[in-house]
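Structural features, examined
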Amino acid sequence: MTTLLYGLITGILFGFLLQKGRVLRYDKQLGALRLLDMTIVKFMVSAVLVGMVGIYLLNDLGLVKLSIKSMVVGGVVLGGLTFGIGWGLLGYCPGTSLGALGEGRWDSIWGILGMLCGAAIYAEAYPTMKATVLTWGDYGKVTLPQVLGVSHWLLIAIFIVGGLVLFRWFERKGL
Amino acid sequence: MKENGDGGWSPYLAGALSGLVSIGSVWIAGKYFGASTTFVRSAGMVEKVFDPQRVAQMPYFIKEAPVIDWQWMFVVGIFIGALIASTTSGSFRWQAVPTMWEEHFGPVRWKRWLVAFVGGAIAMFGARLASGCPSGHGLSGSMQLAVSGLVALLCFFAGGMIVARMLYGGGEKQ
């Protein structure tokens, strides 16, 4: 029960921030995909950079555990590209579709219904996928620092510098 | 922090605060952000109404049981949070067709809705195949420097940019 309550509160905070950052809208999502308006990229990269520092700090202190998804080339690459194609058509992602509905953009209802159907179709296809695509190039639960054999703090520093350079470029170009 | 002009916050600020919320979530509840598994569970809940025995035997619904969990409530929370933020700032607006879409493809509702529905189905199939969406892979995966998260994020944008170009590219319909 407490877990469910944490989920609800966390979701409310995140939904509030997504709306305040104006990243829920179709125009913002397609704006990024058309390289016209980088609002969602600014939001995402900011969240990732802050999260990186916090998660790795807490992990180093032994306070949290990482939860890494397997790098299965077939699943991640083909699934990722397929997701991208659908995302370009829908203009919302699974999380933001609910947020978009929350701010009244109700074309998202059709996207949500479509996603429920997509999930149902995947559930039918899962046994086949498990025997084929999901066996292609399984490298396990690997992180970038493990693959490169360097300290995670070195990579985090590089990501932060890279992120700041990217942000400066966006602001200069008025994206 | 600068304002966006329409009462919104800077995306850098809102994004950084979201990063803090996700750290708090992992620390306090041990939960990383994610959204797409919730659609699997919900689809299972609907199917269970019609054929509970079949659902009980399907491997994917055994793996992702049709029950309400942390993430399910998280996704409901996103709806509530966005509702609160938009209604208290005057930016809530009933809109059946997004502005950018309407400018290029006209105000015909069923066209937008059909594309949204088909796009949603394709997106979710892909998200489940990749075992994550922009929340699970893009945010949670990337912030843990997971190779899967970073690769998935690149693929999401690659696929999305190709489609955006096909839909809007060339600017033939202005």
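Refer to the structure above for everything that follows.
This is a predicted model, so every value here is computed, not measured.

The final tally for this structure, using the stated rule, is 20 aromatic pairs over all chains. Ring centres of Phe14 of chain A and Phe33 of chain B lie 4.7 Å apart, and the angle between their planes is 50°; this geometry places the pair in the tilted category. On the criterion of chain membership, the pair formed by Phe14 of chain A in helix α1 (residues 2-20) and Phe33 of chain B in the loop between α1 (11-28) and α2 (36-50) is interchain, its members lying in two chains. Here the two residues Phe14 of chain A and Phe33 of chain B agree in accessibility, since each one is buried.

Quoted interface sizes are often the accessible area lost when the parts come together. Contacts between chain B and chain A engage 114 residues on the former and 115 residues on the latter. A buried area of about 10000 Å², summed over both sides, lies between chain B and chain A, and 76% of it is on carbon and sulfur atoms. Considering only the side of chain B, the residues that lose the most area to chain A are Tyr12, Leu129 and Leu145 of chain B, jointly responsible for 8% of the buried surface there. Viewed at the interface, chain A and chain B are joined by two salt bridges. The shortest N-O distance in the salt bridge between Asp107 of chain A and Arg112 of chain B comes to 2.8 Å. Along the contact surface separating chain B from chain A lie 28 residue pairs in polar contact (both at pLDDT 80 or more). Sorting the residues of the side of chain B that touches chain A by element identifies α1, α2, α4 (59-63), α5 (70-89), α6 (99-105), α7 (109-129), α8 (134-143) and α9 (147-168) of chain B as the ones contributing at least two each. The class makeup of the residues in the side of chain B that touches chain A is 74 nonpolar, 29 polar and 11 charged.

Quick look at the pattern of salt bridges now. Residue and element names in this part refer to chain B. In the structure shown here, the tally under the stated rule is nine salt bridges over all chains. One salt bridge connects Asp69 with Arg41, and the closest N-O pair in it is separated by 3.0 Å. Here Asp69 is found in the loop between α4 and α5, whereas its partner Arg41 is found in helix α2, with 28 residues between them in sequence. Look at Arg41 and you get buried, because its relative accessible area is 13%.

Cut-off values and rules
- Counting of residues starts from 1 at the beginning of each chain's written sequence and follows it residue by residue.
- Here the convention is simple: chains get letters from A, ligands get numbers from 1, in the order in which they are written.
- The model is predicted, so local features are restricted to residues of pLDDT at least 70 and side-chain atom pairs to those at 80 or more, both for listing and for counting; the totals for chains, interfaces and linings are taken over all residues.
- With hydrogens and water set aside, each side-chain value is computed from the structure's full complement of heavy atoms.
- Stacked, tilted and edge-to-face pairs are distinguished by plane angle, under 30 degrees for stacked and over 60 for edge-to-face with tilted covering the rest, among Phe, Tyr and Trp rings (Trp via its six-membered ring) whose centres lie within 6.5 Å.
- Each helix is a run of H or I in the DSSP string that is no shorter than four residues. Each strand is a run of E no shorter than two, and both are numbered from the N terminus.
- Relative accessibility under 20% of the residue-type maximum defines a buried residue, over 50% an exposed one, and the middle range a partly exposed one, all with a 1.4 Å probe and only protein chains included.
- Here a residue-residue contact requires only that any non-hydrogen atoms of the pair lie within 4.5 Å.
- As a working definition, buried area equals the accessible area (1.4 Å probe) given up by two parts on being put together, with both sides summed.
- One speaks of a salt bridge when a side-chain nitrogen belonging to Lys or Arg is within 4 Å of a carboxyl oxygen belonging to Asp or Glu.
- Contacts described as polar in this section are N or O atom pairs within 3.5 Å, which, within protein, must combine one atom able to donate a hydrogen with one able to accept it, while residues neighboring in sequence count only if both atoms come from side chains.
- Polar here means any residue outside two lists: the nonpolar Ala, Val, Leu, Ile, Met, Phe, Trp, Tyr, Cys and Pro, and the charged Asp, Glu, Lys and Arg; Gly therefore counts as polar.

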